Amino acid sequence: MKVFKFGGASVKDAAGVKNILRVLRKTGFEDTLIVVSAMGKTTNALEQMVHSFFENKEQFPKDLEKVREDHYHIIEDLFEFESGATKQKVNTLFESIMTFLKATNSNDYSLVYDQVVSVGELVSTTIISDYMKREGIKNTWLDARECIKTDAYFRDANLYWTDTEESVKQAVNGKSTIISQGFIGSASNGLSTTLGREGSDYSAAIFAYALGADSVTIWKDVPGVLNGDPRKFSDTVLLHQISYREAIELAFYGASVIHPKTIQPLQRKEIPLYVKSFDNPENKGTAVSRGKTLHPKVPCYIVKNDQTLLKLSSKDFSFMVEDNISQIFALLHQYRMRVEMIQNSAISFSICIYNKYCKLEPLLQALKTKFKVDVVDGVSLYTIRHFDKPAINFIKNKVGEILVEQRTTDTAQFVVRELA
Ligand code: ADP
Ligand code: ASP
Ligand code: MG
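Now for a quick tour of the structure. Bear in mind that the values here come from a model prediction, so they are computed numbers and not experimental data.

Remarks on the overall build of the protein chain
Part 1: A count of helical and extended segments in the protein chain gives 13 helices and 18 strands.
Part 2: On C-alpha atoms alone, the protein chain measures out to a radius of gyration of 23 Å, which is about the 22 Å that the 2.2 N^0.38 rule sets for 420 residues.
Part 3: Dimensions of the protein chain along its principal axes, counting C-alpha atoms only, are 70 × 55 × 45 Å.
Part 4: The buried share among the 420 residues of the protein chain stands at 56%.

Written out as structure tokens, the structure is:
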């Protein structure tokens, strides 16, 4: 088997869906499991809907209507006069959101979030599977929730590997072309879960691991993995080969072209990962596999925006050592804060964090009862892998004020207050 993954950008409209078929016809679609994300910005729209459900009940049906209409338009573009049956299926999926929200009395934002947001992927795959059938490509639609088994840590669920492996094998057994969803799974209580934003790459890796697949290809709107995000850097270079280890590091530091959890399951079974352009499927793209660390060997630049820098010191002049630091980490864990970088000295402890779940305010209140806290919001974290002098100078000339700087043998990082 091989596994393909098409992200939101590749299925943002009818032309995108048609292009998937073009790619499949070029590459072949036998013995292929195809993982697809929600269409375009659907996940953001569904997130907004959850927000409305909790904050502004009147707005919420309007939000749903807009998402439904957007999908209907794509269906009409694809199926023209024969759009009825697919529209009906899609409508049933959207109605399941209403049914759930009317029945639930849960105040658990993350639980509700997963039940609503997971529908984006169910809808996109329903449309694509139907369209492929209409165009003569036989396929089986697989509900990923039947086989991607997780705990109930909603919005960032952890995988139950053994159960998942068995269920995937069973579900796929003997089928040739399968369409399934990225990003979603289910907990043992039957509720839907999600694997974290941009988690469809990870889903592809999970399926591949379970199947012992020959390869995974993720199809992107870029030629492959570049040495910097082309939206943020000009003159980027295509990386032809990256080792698993290097890809893990790049993704971990924030190279958002691959979800950070994707690589390790593939590395375990030595399944190669290809990152390729869905516009130019014949081009080689990037291979992540056993072999050279990085080819060509060039500095790689990664930027994470919207970070917060906290500088903590003790109120009673004690040093920032184990006792204080363990208290800080307990609170960071309690408020689900993602720590991106730390630096400590005798009397201060600096942390660059990402406020993923909007819990900065309560965290700060808790920290302030024990520590003196300085906060700088809206900073960026720049990372250079395999830096050299010109690369450091390039970043220093490009960015605003550098607040924290840190270097190891192969990685340099800067917390930066961007120029206004
Ligand atoms: P998907 O459609 O699979 O969700 P994404 O939008 O998540 O695709 O990922 C593709 C985008 O990742 C590109 O458009 C690019 O702007 C961005 N990106 C960030 N870092 C890199 C990098 N190092 N190489 C290539 N693309 C990158
Ligand atoms: N649809 C999800 C998201 O936008 C998962 C993914 O696209 O990878 O985050
Ligand atoms: Mg994405």
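A short note on helix H7 (residues 161-172)
Part 1: The end-to-end C-alpha distance of H7, which contains 12 residues, comes to 16 Å, matching closely the 16 Å that a straight helix rising 1.5 Å per residue would cover.
Part 2: Taken residue by residue, H7 has Thr164, Glu165, Ser167, Val168, Ala171 and Val172 as its buried positions.
Part 3: Along its buried surface, H7 packs onto strand E2 (32-36), strand E3 (140-142), strand E4 (149-150), strand E5 (177-181) and helix H8 (200-211).
Part 4: Just downstream of H7 lies Gly174, where phi reads positive at about 80°.

Section: the side chain of Ser200
Part 1: Structurally, Ser200 is set in helix H8.
Part 2: Using a relative accessible area of 4% as the deciding quantity, one classes Ser200 as buried.
Part 3: What Ser200 contacts, discounting residues up to four positions off in sequence, is Lys5, Val35, Ser37, Glu121, Gly182 and Phe183.

Description of the sheet that holds E3
Part 1: A sheet is described by the order of its strands in space; here 9 strands give the open sequence E3-E5-E2-E1-E8-E10-E11-E9-E12, paired in mixed fashion. Looking along the sheet, the strands with just one partner apiece sit at the ends: E3 and strand E12 (294-295).
Part 2: In the sheet, strand E9 (residues 241-242) pairs with E12 via 2 bridges, with the strands oriented antiparallel. For Ile242, the partnering residue across the bridge sits in E12 and is Leu294.

Regarding the site of ligand 2
Part 1: Near ligand 2 you find Ser37, Ala38, Thr43, Glu121, Phe183, Arg197, Glu198, Gly199 and Ser200, and these make up its full shell.
Part 2: Between ligand 2 and the protein, one listed contact pairs an oxygen atom with a backbone N or O atom of Glu198 at 2.8 Å.
Part 3: Within the backbone of Gly199, one N or O atom sits 3.3 Å away from an oxygen atom of ligand 2.

Topic: the site of ligand 1
Part 1: In the neighbourhood of ligand 1, 17 residues make up the surrounding shell, with Lys5, Lys220, Asp221, Asp229 and Arg231 lying closest.
Part 2: Within the contact set of ligand 1, an oxygen atom lies 2.7 Å away from a side-chain nitrogen or oxygen of Lys5.
Part 3: The contact in question runs from an oxygen atom of ligand 1 to an N or O atom on the backbone of Gly8, over 3.4 Å.
Part 4: Its free accessible area being 570 Å², ligand 1 has 89% of it covered by the protein chains.

Side note on the sheet that holds strand E15 (residues 349-354)
Part 1: In space, the 6 strands of this open sheet follow the order E14-E15-E13-E16-E18-E17, with antiparallel pairing throughout. Where the open sheet ends on each side, the last strands, each with one partner, are strand E14 (338-344) and strand E17 (401-407). The sheet shows a mean angle of 30° between the axes of neighbouring strands, taken without regard to direction.
Part 2: For strand E13 (residues 300-314) and E15, the ladder comprises 5 bridges, and the chain directions are antiparallel. Residue pairing across strands places Leu312 opposite Phe349, the latter belonging to E15.
Part 3: Docked against the sheet, helix H11 (residues 322-334) engages E13, E14, E15 and strand E16 (371-385), running at close to 10° with respect to E15.
Part 4: Sheet strands touched by helix H12 (residues 360-368): E13, E15 and E16. Its angle to E16, the strand with the most contacts, is close to 125°.

Rules used in this analysis
Residues numbered from 1 in each chain as written. Chains lettered and ligands numbered in written order. Predicted model: local features only at pLDDT ≥ 70, side-chain atom pairs only at ≥ 80, totals over all residues. Heavy atoms only, no water. Helix = DSSP H or I, 4+ residues; strand = E, 2+ residues; numbered from the N terminus. Rg over C-alpha atoms; globule rule 2.2 N^0.38 Å. Buried < 20%, exposed > 50% of the residue type's maximum accessible area, 1.4 Å probe, protein only. Expected span 1.5 Å × (residues − 1). Contact = heavy atoms within 4.5 Å. Pairing = 2+ DSSP bridges. Near = heavy atom within 4 Å. Polar contact = N/O pair within 3.5 Å; in protein donor to acceptor, adjacent residues only side chain to side chain. Areas by Shrake-Rupley, 256 points an atom, 1.4 Å probe, with all protein chains shown as cover. Axes fitted to C-alpha atoms, helices over the stretch in contact; angles between N-to-C directions.

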